[in-house]
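Observations on the three-dimensional arrangement
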Amino acid sequence: MRILIVRVSSLGDVVHNLPVLADIHRHFPDAVIDWVVEEPYVGLVKQNRYVNEVIPFALRRWRKNIFSSATRKEFREFLNRLKQNAYDYVFDTQGLIKTGVIMGFARTVEHGKKIGLAHKTDGSGYEPLSRIFHDESISVEKHIHVVTRGREVVAKALGYTIDPVPDFGLLTPALTPEWLPERPYAVFFHGTSRDSKKWPRKNWADIGHILTENGLCILLPWGSAKEREEAESLAAAIPGSRILPRLSITDTVTLTGKAAFIVGVDTGLSHLAAAFDKPTVQIYCNIPRWRTCADWSDNIISLGGEHEIPTLHEVKAAVQKLLPHASK
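Residues numbered from 1 in each chain as written. Predicted model: local features only at pLDDT ≥ 70, side-chain atom pairs only at ≥ 80, totals over all residues. Heavy atoms only, no water.

1. Quick look at the packing of aromatic side chains
All chains considered together, the criterion is met by 11 aromatic pairs. Cluster of aromatic residues (ring-pair linked, three or more members): Phe-57, Trp-62, Phe-75, Phe-78 and Phe-105. (Phe/Tyr/Trp six-rings, centres within 6.5 Å; stacked < 30°, edge-to-face > 60°.)

Shown next, in the form of structure tokens:
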């Protein structure tokens, strides 16, 4: 059986969809699973032990020069690669028009099916027009965790029941970059494009002191000029901490997979840490926590929620509770 997954972005959405592959493999060990994803996230999906081929999609970049001959050439190459294989099942677990269009271009075998979400769920960006590309639309509960949503769509189509604990199937890249310290380290995923998701800068410094006192080096990644400035401010307040160079997705997977401890706001990066089942404190400041929190592991503590910013005391207590896990 050959299956195509269409889940193109963003980082958190891609991470949350990874357990679908392990579910399929558990029930159909010989299934061959391909995945279409935006090109920045190819390095992440390739680290899943159950994926066969990863097909890059570059809409974000193509939009910048949509009428250029180079863009048209790349799009034709994408379509050719997409159509190389005929699939028994094509799953669009994102429910957007653009993912529906990709599904529409994909080839199926005779009696093959193109399957997607039947409706919007709480907090999702579902676009109803995406259903025109489906042979079958699967209904799930409207109040549903994002990880469970994609798993349920595929499980109902293929006729199995999902296990309670998701398996993200991630392998840590066999790399040792020069910027990676030799001693145990903690990562602060402090940056986010939305100010409403941020946690007070002084609080980060206080948590940094606790972790350094416990022998962990604090690493500070960043993804924009503004986040770099914030990292510099934190580095000045946390002795021995390090500002990292700008990292690729593969570098970030390496960083996360080898970390001893992680503290992060609600971003795809902290969800990546949870996917690795690292000792992680997730800090939510402006969205309902139940929707994306990692509630399946004792290694992960999620705090806060919609209009509920976690206090420094709450995060300190969570860090202290998880610190013994960092030595495992």
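2. Description of the sheet that holds strand β7 (residues 185-189)
Pairing is parallel across the open sheet formed by six strands, whose spatial order is β9-β8-β7-β10-β11-β12. Sheet topology places β9 (242-243) and β12 (300-304) at the edges, where each strand pairs with a single neighbour. Examined bridge by bridge, strand β11 (residues 280-284) and β12 share five bridges and lie parallel to one another. Bridged to Ile-283 within β12 is Leu-303. (Pairing = 2+ DSSP bridges. Helix = DSSP H or I, 4+ residues; strand = E, 2+ residues; numbered from the N terminus.)

3. Let's talk about the pairing of β11
When you tally the buried positions in β11, you get five out of five residues, the bulk of the element. Of the two faces of β11, both are covered, the one formed by Thr-280, Gln-282 and Tyr-284 as well as the one formed by Val-281 and Ile-283. With four bridges connecting them, strand β10 (residues 261-265) and β11 associate as parallel partners. By the bridge assignment, Gly-264 is partnered in β11 with Gln-282. (Buried < 20%, exposed > 50% of the residue type's maximum accessible area, 1.4 Å probe, protein only.)

4. Observations regarding the sheet that holds strand β3 (residues 54-57)
Pairing is parallel in the open sheet, where six strands are placed in the order β3-β2-β1-β4-β5-β6. Looking at the sheet topology across the chains shown, the edges are occupied by β3 and β6 (136-138). Along the sheet, successive strands turn relative to each other by an average axial angle of 20 degrees, direction set aside. As paired elements, strand β2 (residues 32-38) and β3 share four bridges and run parallel to each other. Looking at β3, one finds that Val-36 is bridged to Ile-55. (Axes fitted to C-alpha atoms, helices over the stretch in contact; angles between N-to-C directions.)

5. Considerations on a nonpolar patch on the surface
On the surface, Phe-75, Ile-97, Val-101, Phe-105, Leu-129 and Ile-132 cluster together into a nonpolar patch covering about 500 Å² of accessible area. Here the nonpolar patch gets three residues from one element, more than from any other, and that element is helix α6 (residues 97-105). (Patch = residues over 30% accessible without salt bridge, like charges linked within 9 Å, V, L, I, M, F, W, Y side chains within 5 Å. Areas by Shrake-Rupley, 256 points an atom, 1.4 Å probe, with all protein chains shown as cover. Salt bridge = Lys/Arg side-chain N within 4 Å of Asp/Glu carboxyl O.)

6. Some remarks on the nonpolar core
Counting 44 residues, the largest nonpolar core has Ile-5, Ile-24, Trp-35, Val-37, Leu-44, Phe-91 and Leu-170 as its most contacted members. Counting residues per element, this core draws most heavily on helix α7 (residues 146-158), at seven residues. With residues near it in sequence (within four places) discarded, Val-37 still touches Arg-7, Val-8, Val-14, Val-42, Val-45, Val-54, Ile-55, Pro-56 and Phe-57. Among the nonpolar cores identified, the runner-up in size contains 29 residues, and Phe-188, Trp-204, Ile-283 and Cys-285 belong to it. (Core = buried A, V, L, I, M, F, W, Y, C linked by side-chain atoms within 4.5 Å. Contact = heavy atoms within 4.5 Å.)

7. Remarks on the pattern of salt bridges
Counted under the stated rule, the structure contains 16 salt bridges. Where Asp-163 meets Arg-26, a salt bridge forms, and the shortest distance between an N and an O atom there is 3.4 Å. Pair noted here: Asp-163 is in the loop between α7 and β7 and Arg-26 is in helix α2 (residues 19-27), with a separation of 137 residues, a long-range link. Accessibility expressed as a relative area gives 30% for Asp-163, which makes it partly exposed. A relative accessible area of 35% places Arg-26 in the partly exposed class. Put simply, Lys-73 and Glu-77 hold a salt bridge, and the shortest N to O gap is 2.6 Å.

8. Side note on the side chain of Asn-17
With respect to the secondary-structure elements, Asn-17 resides in helix α1 (residues 11-17). Reaching out from Asn-17, the side chain makes a polar contact with the side chain of Thr-93 at a distance of 2.9 Å. Each residue touching Asn-17, except ones within four places of it in the same chain, is listed here: Ile-5, Arg-7, Trp-35, Thr-93 and Gly-150. (Polar contact = N/O pair within 3.5 Å; in protein donor to acceptor, adjacent residues only side chain to side chain.)

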